[in-house]
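What follows is each chain in one-letter form.
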Amino acid sequence: MIYDVIGDIHGHADKLKGLLTKLGYTLTKHDTLNLHYYQPPQGHRAMFIGDLMDRGPQEVESLEIVYAMLDTGVADAVMGNHEYNALAYATVDETAMQHQDSTQPLYLRRHNETHTRQHQAFLDEVPFGSKAHEYWLNRFAELPLWIETEHACFVHACWDVDNMALLKPMLTSDNRLTAEALQRTGQKHSAEYDALERVLKGLEIPLPEGISFTDKDGAVRSRMRVRWWEEQLQGKRIVDIARAPRSDLAQIPQDALVENLDFSLKTNKPVFIGHYWLNDTPAPLSDQVVCTDYSAAGTGYLTAYRFDTNNPYPLSPKNFVQYIDQ
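Computed from a predicted model, the values in this text were never measured in an experiment. (Residues numbered from 1 in each chain as written. Predicted model: local features only at pLDDT ≥ 70, side-chain atom pairs only at ≥ 80, totals over all residues. Heavy atoms only, no water.)

(A) Region of interest: the overall build of the protein chain. The helix and strand tally for the protein chain stands at eleven helices and 15 strands. Scaling as 2.2 N^0.38, a compact globule of 326 residues should have a C-alpha radius of gyration of about 20 Å, and the protein chain matches this with 20 Å. Dimensions of the protein chain along its principal axes, counting C-alpha atoms only, are 55 × 50 × 40 Å. Taking all 326 residues of the protein chain together, 55% fall into the buried category. Accessible surface computed for the protein chain: about 15300 Å², of which carbon and sulfur atoms make up 47%. (Helix = DSSP H or I, 4+ residues; strand = E, 2+ residues; numbered from the N terminus. Rg over C-alpha atoms; globule rule 2.2 N^0.38 Å. Buried < 20%, exposed > 50% of the residue type's maximum accessible area, 1.4 Å probe, protein only. Areas by Shrake-Rupley, 256 points an atom, 1.4 Å probe, with all protein chains shown as cover.)

(B) View of helix H5 (residues 113-125). Here H5 contains 13 residues, and its C-alpha end-to-end distance of 18 Å stays within 8% of the 18 Å for a straight helix at 1.5 Å per residue. His119 marks where H5 bends most, by close to 60°. Within H5, the full set of buried residues consists of His115, Thr116, Gln118, His119, Ala121, Phe122 and Leu123. Summarising the contacts, the buried residues of H5 are in contact with helix H2 (59-71), helix H3 (81-89) and helix H6 (131-140). Among the residues of H5, the N-terminal cap falls to Asn112, whose side-chain oxygen and the backbone nitrogen of Thr114 are separated by 3.2 Å. (Expected span 1.5 Å × (residues − 1). Bend = angle between axes of the 7 residues up to and from the residue. Contact = heavy atoms within 4.5 Å. Polar contact = N/O pair within 3.5 Å; in protein donor to acceptor, adjacent residues only side chain to side chain.)

What follows is the structure, encoded as structure tokens:
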């Protein structure tokens, strides 16, 4: 089988339709379910790596395309941090409500200016609290946090076996969030919160005391993502192993070093991720890790990697397919 691993769509339906067509998928009518879906070529299956929504101009259309493929059994998908954020933004924080006098609801993801702005494209099409909003939240909750097959591992940001093991007792048998898991992972500074952050947002390290940077969304951050797929991160300069835009790196002292890094990749299988807003010529990140997020939500292109389970290694730049929209 060939998995067509498709990167972060972020509500760009036209780019998704263009990429699926380039990959040889054909728009087909499913008579039993009475819907149209993109049928893959013989021997192929789509794998969506998360972040289906937010940021783009065609939120609902993008979701309808993906979920039609899921419902007809020709695709799989994992949850991205944006699907998780949508659930947390709409879920009352039960712990916080127990410790406040007001009846005004507090949500797991607070409705502050930054969070609302990040989510606004979706809310413009799917108003908060509407029946459509409830429907899509239920569909997001169906997405597993990760998928592991005989041949490969699929996760949105980081394949961290130790933190997955911490989350696993709270999840369904196929790694989906339960109501308990959503509440516990929504509590900042908890082990469950940190584990979820690692899996869906990547490996971050604390910056030296007194150092922070302001990201592209205007959020002030004291932690920075690092390229966990590289070897021997310990002791290197943060600016050398960070996965961040130049504007963020320019705010970090050049001599700050990585310390107390608690991560190693504990699988021999290929690992497929999204999340990282790459913008160079597509290539594997390492001998074992492939990212298919090439900034389709910005100035980049929606990207897929064709993974042949009969020939898993070596991972090759030749297996990338991009839709270059005009």
